Amino acid sequence: MAKITVQHTDITVVNIHDQDYISLTDMANAKESESRAADIIKN
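Residues numbered from 1 in each chain as written. Predicted model: local features only at pLDDT ≥ 70, side-chain atom pairs only at ≥ 80, totals over all residues. Heavy atoms only, no water.

Structural notes on the pattern of salt bridges
Inspection of the entire model under this criterion finds two salt bridges. We note a salt bridge from Arg 36 to Asp 39, for which the minimum N-O separation is 3.6 Å. Residue Asp 39 pairs with Lys 42 through a salt bridge whose shortest N-O separation is 3.6 Å. With Asp 39 and Lys 42 both in helix H2 (residues 37-42), this residue pair falls three residues apart, about one helical turn. Lys 42 gets classed as exposed once you look at its relative accessible area, which sits at 63%. (Salt bridge = Lys/Arg side-chain N within 4 Å of Asp/Glu carboxyl O. Helix = DSSP H or I, 4+ residues; strand = E, 2+ residues; numbered from the N terminus. Buried < 20%, exposed > 50% of the residue type's maximum accessible area, 1.4 Å probe, protein only.)

Re the pairing of strand E1 (residues 2-6)
Here E1 runs beside strand E2 (residues 9-16); their pairing, made up of five bridges, is antiparallel. By the bridge assignment for E2, Lys 3 is matched with Thr 12. (Pairing = 2+ DSSP bridges.)

Side note on unusual backbone geometry
Of note, the phi angle at Gln 7 is positive, near 50 degrees, even though the residue is not glycine. Mapped onto the fold, Gln 7 is located in the loop between E1 and E2. Despite not being glycine, His 8 has its phi angle at roughly 65 degrees, a positive value. When you line up the elements, His 8 lands in the loop between E1 and E2. Residue classification places His 8 among the exposed residues on the basis of a relative accessible area of 82%.

A few points about the side chain of Asp 26
Structurally, the position occupied by Asp 26 is in helix H1 (residues 24-30). There is no salt bridge for the buried Asp 26, and the closest opposite charge comes from Lys 3, which lies 4.4 Å off by N-O distance. Those residues within four positions of Asp 26 in sequence are excluded, and the remaining contacts are Lys 3, Thr 9, Asp 10, Ile 11 and Thr 12. (Lys, Arg positive; Asp, Glu negative; His and termini not counted. Contact = heavy atoms within 4.5 Å.)

In structure tokens, the structure reads:
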């Protein structure tokens, strides 16, 4: 697993079968709001 920094937030990057995937949960956790990451992704 690798990490990239986007707007001062570390985002996990995983490579599976030569495809890169970024963590939506990491991105949602960075969002400043009262919502939980799961709620942000669900919406």
